Amino acid sequence: MHPVPSPTAPDVPEMCAELWRSAAGVLDANWTGRHTVPSRTLYPHQWSWDSAFTAIGLAYVNPARAWRDLRSLFEAQWPDGRVPHIVFDPEIPEDAYFPGPRFWNVPAYNGRPARGSTGLVHPPMHALAAWEVYRHASAHGADAVQQARVELGWLYPRLVAQQEYLGDRRDAGGGGLASIVHPWESGLDNSPAWDDALATVPADLRLLDTYHRRDLDVSDVTHRPTDTDYARYLGLVENYRDGGYSDTALAERHPFVVECPGFNAVLATAELALAQIAGVLGRPSEARRHREHARGITAAISDRLWDPETDFFHALDVRSGRRTPARSVSGLLPLMLPDLDRARADALAEAAGSPRFGLPAPSYDRTGPAFDDRRYWRGPIWVNVNWLLRRGLLVHGRRDDAERLRQALVRLVHRNGHYEYFHPEDGGGLGSPAFGWTAALCLDLLADRSAPAYARS
């Protein structure tokens, strides 16, 4: 039985206890013995930023498993530093998920067998996750603290290599930001933020005659990306794969190269977490360097992605040089950065509470032309990005707003279940049930109301 943290329980203790037990149960059910899967219905392998969010929840109920998830993921790190967005479980049949290992055709590396991962990345949430697991280790006793220090020592150089890959090899625009080469890398797969850049990517629907969409076997077709989107996604993978997953001259030869405000806000937050980790490991000069990197990324986000006419951050198509007009939830996530200009932080907080979004925030502007209340990242509410948004509110001293968001998320999941995402109006659960990061982040929302150490007053 997992203990329920009573000191920070929300308003209704019975709800707190029930939600805590159900969330811990989801994480237990999704554990394979080697890593945690996002869900048993659609996602049978290990996903990158899912593992980070899951570790944040496991910090409370099973820190050893949290560390194991992070290790499992980073054992699949490429020699160039990239951390693949999916690590394939060799015990899972090829046809259990598409696109599977054969489609990606990644060569053997670092002692791993061929086809062991994808060649794309996810937002680098892992340094923050490692810091959060370490931060809560003392609640589990001296042995847990000792293990946490060992794990930080193992992870730190690998986390640094991840940051260096994204900050160097992926700076396709030359302005100090990482570019994504596929919508899947953002984590916000079919967001309207990518529509303009995707419009120039050919949609070869014949690919869907050749390859079977496994997601539609277990999910409502109205909740998932369209066939046109999926054909473009597969075409982008083929282009990147057939180029050897090379990042050289991306803007010249790859049809989708985009700077995402949410991805880069996570990149900068990772530098802040690495500064804290370096401090624990007794490396003060490296801690200073990470803080400088965070400030540099923050400045680049502000310089390249802020639109003064909309008072909002927008994704930038590196190939065309144009920002998308779409207001995606990713445009709110730079609020996580303590060095963000106060006026811009205030504008984001106001946008988050406005009729365009409202808390909990949907994945896309409620008043926007592409808003869809059921289709994945085009309108539904997702717990993970709201968890990040709450962190941003705390960073900029908006504790009352952060607390209202925390309570709203807790009640949303308690009422509807640990779903992958939720209807933005009635709160009904959508996508996969028993979803890992929803459960994991509920544990954190129930247990911890503290602000990040670098929060502004």
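Computed from a prediction, not measured in an experiment: that's the story for all the values here. (Residues numbered from 1 in each chain as written. Predicted model: local features only at pLDDT ≥ 70, side-chain atom pairs only at ≥ 80, totals over all residues. Heavy atoms only, no water.)

Asks: Is there a simple way to think about helix α14 (residues 284–305) in this case?
Replies: Each α-helix turn comprises 3.6 residues. Residues three or four places apart therefore point the same way. The end-to-end C-alpha separation of α14 is 31 Å, in line with the 32 Å expected for 22 residues at 1.5 Å each. All of the buried residues in α14 are Ala 287, His 290, Ala 294, Ile 297, Thr 298, Ala 300, Ile 301, Ser 302 and Leu 305. (Helix = DSSP H or I, 4+ residues; strand = E, 2+ residues; numbered from the N terminus. Expected span 1.5 Å × (residues − 1). Buried < 20%, exposed > 50% of the residue type's maximum accessible area, 1.4 Å probe, protein only.)

Asks: Before we go on, may I ask you to explain the pattern of salt bridges in this structure?
Replies: Two side chains with opposite charge may pair up if their charged atoms get near one another. What the rule picks out here adds up to 26 salt bridges. Here Glu 132 ties to Arg 391 by a salt bridge, and the two come within 3.9 Å at their closest N and O atoms. Pair noted here: Glu 132 is in helix α5 (residues 126–135) and Arg 391 is in helix α16 (residues 383–395), with a separation of 259 residues, a long-range link. We note that Glu 132, like Arg 391, is buried. Ionic pairing is found between Arg 398 and Asp 346, a salt bridge with its closest N-O pair at 3.3 Å. In this pair, Arg 398 is assigned in the loop between α16 and α17 (399–416) and Asp 346 in helix α15 (residues 342–353), connecting sequence segments 52 residues apart. Overall, the relative accessible area of 26% leaves Asp 346 in the partly exposed class. Each of Asp 80, Arg 82, Arg 170, Glu 185 and Asp 247 takes part in a single network of salt bridges with overlapping partners. (Salt bridge = Lys/Arg side-chain N within 4 Å of Asp/Glu carboxyl O.)

Asks: Explain the confidence of the model for the protein to me, please; I cannot follow it from the model alone.
Replies: Note that predicted coordinates carrying low pLDDT should not be read in detail. Residue-level pLDDT values for the protein average 94, and 97% of them are 70 or greater. Residue range residues 1–10 is modelled with pLDDT below 50. Its contacts to residues more than four positions away, or to other chains, number 25 contacts. (pLDDT = per-residue confidence, 0-100. Contact = heavy atoms within 4.5 Å.)

Asks: Please clarify how the side chain of Ser 51 should be interpreted in this entry.
Replies: Within the fold, Ser 51 resides in helix α2 (residues 48–61). Judged by relative accessible area, which is 1%, Ser 51 ranks as buried. The contacts of Ser 51, once residues within four sequence positions are left out, are Gln 46, Leu 70 and Leu 73.

Asks: Please explain the sheet that holds strand β7 (residues 322–323) as it appears in this structure.
Replies: Sheet strands associate in pairs through backbone hydrogen bonding, adopting either a parallel or an antiparallel arrangement. With respect to topology, three strands assemble into an open sheet ordered β3-β6-β7, the strand pairing being antiparallel. For this open sheet the edge positions go to β3 (258–259) and β7, each flanked by a neighbour on one side alone. When β3 meets strand β6 (residues 316–317), the two strands line up antiparallel, connected through two bridges. Its bridge partner being in β6, Val 258 is matched across the sheet by Asp 317. (Pairing = 2+ DSSP bridges.)

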